[in-house]
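Single-letter residue listing:
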Amino acid sequence: MAVFKVRGEANPSAFIDAFRDFLTDPTRLALWDMRGCQLARLDPDRLRQFVGDMKRFDHSKRPRAKTAFVCRTEDDANVMRLQVAYAEAIDYWTEMAVFGNVTQTRHWLAED
């Protein structure tokens, strides 16, 4: 499992750079720990573009891939839920979910 810890101001450009790095050696499971940054100010249009970039760059089509996001606040979790909804709308092949703590996140990632 790959684990990413995001800190500071939420920056979609930095997210896509980290995602591209991940794709050089992708794992089936990924955990994005977003508790160290504020997501609530992210522009929804920029977020939608980021999801499109994820799909465009991800040629791996990891079988049975799951990506989990853990967020500190409900506002941040809502932003990530919007990202998940955008991904579902464009048929992105990775199952995604948003959680409030790492324990729940790891449990979901362990389920098959």
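For every chain, the first residue of the written sequence is number 1, and numbering continues from 1 onward in sequence order. Given that this is a predicted model, residues contribute local features only at a pLDDT of at least 70 and side-chain atom pairs are listed and counted only at 80 or more, while totals for whole chains, interfaces and linings are drawn from all residues. Side-chain figures throughout are based on the complete set of non-hydrogen atoms in the structure, without hydrogens or water.

### Focus on unusual backbone geometry
- Despite not being glycine, D91 shows a phi value in the positive range, around 60 degrees.
- With respect to the secondary-structure elements, D91 resides in the loop between α3 (74-89) and β4 (95-99). Labels follow the DSSP assignment, with helices taken as runs of H or I lasting at least four residues and strands as runs of E lasting at least two, numbered in each case from the N terminus.

### Looking at the packing of aromatic side chains
- Pairing of aromatic side chains here covers Phe, Tyr and the six-membered ring of Trp, requires ring centres within 6.5 Å, and sorts the geometry by plane angle: under 30 degrees stacked, over 60 edge-to-face, intermediate tilted. For the structure on display, the rule yields five aromatic pairs.
- Note on F4 and F22: the rings are 5.6 Å apart at their centroids and 80 degrees apart in plane angle, and the pair reads as edge-to-face. Taken together, the residues span a long stretch of sequence, with F4 in strand β1 (residues 2-9) and F22 in helix α1 (residues 12-23) at a distance of 18 residues.
- Here's how the labels work: a residue is buried when its accessible area is under 20% of the maximum for its type, exposed when over 50%, partly exposed in between, all with a 1.4 Å probe on protein chains only. F22 sits in the buried class, given a relative accessible area of 5%.
- Look at F99 and W108: their rings are 5.7 Å apart centre to centre, the planes differ by 45 degrees, and that puts the pair in the tilted class. The pair formed by F99 and W108 is uniform in burial state, with each residue classed as buried.
- Put simply, the rings of F4, F19, F22 and W32 pair up and form one aromatic cluster.
- Both a distance and an angle decide whether a charge sits over a ring: NZ of Lys or CZ of Arg must be within 6 Å of the ring centre and within 35 degrees of the ring normal. Here the guanidinium or amino end of K66 rests over the ring plane of W108, the centre of that ring lying 4.3 Å away.

### Section: the state of the cysteines
- Here, the term disulfide refers to a pair of cysteine sulfur atoms separated by no more than 2.5 Å. Considering all chains together, one arrives at zero disulfides under this definition.
- Here C71 stays unpaired: no disulfide links it, and the sulfur of C37, its closest cysteine neighbor, is 7.6 Å away.
- Residue classification places C71 among the buried positions, given a relative accessible area of 2%.

### Describing the sheet that holds β1
- Taking strand neighbours across the sheet as the criterion, the four strands line up as β1-β2-β3-β4 in an open arrangement whose pairing is parallel. Strands at the two margins of the open sheet, each flanked by one partner only, are β1 and β4. Each strand axis lies, on average, 20 degrees off the axis of its neighbour in the sheet, ignoring direction.
- Note that strand β2 (residues 29-38) and strand β3 (residues 66-70) share five bridges and pair parallel. Counted as the bridge partner of L31 is A68 from β3. Here, any two strands with at least 2 DSSP bridges between them count as paired. Fitted lines through C-alpha atoms give the axes, limited to the stretch in contact for helices. The angle between two N-to-C directions lies from 0 to 180 degrees.

### A word on the pattern of salt bridges
- For salt bridges, the criterion is a side-chain nitrogen of Lys or Arg within 4 Å of an Asp or Glu carboxyl oxygen. Applying the stated criterion to the full structure yields four salt bridges.
- Where D33 meets R35, a salt bridge forms, and the shortest distance between an N and an O atom there is 2.7 Å.
- Residue R48 pairs with D45 through a salt bridge whose shortest N-O separation is 2.6 Å. Pair noted here: R48 and D45 are both in helix α2 (residues 44-57), with a separation of three residues, about one helical turn.

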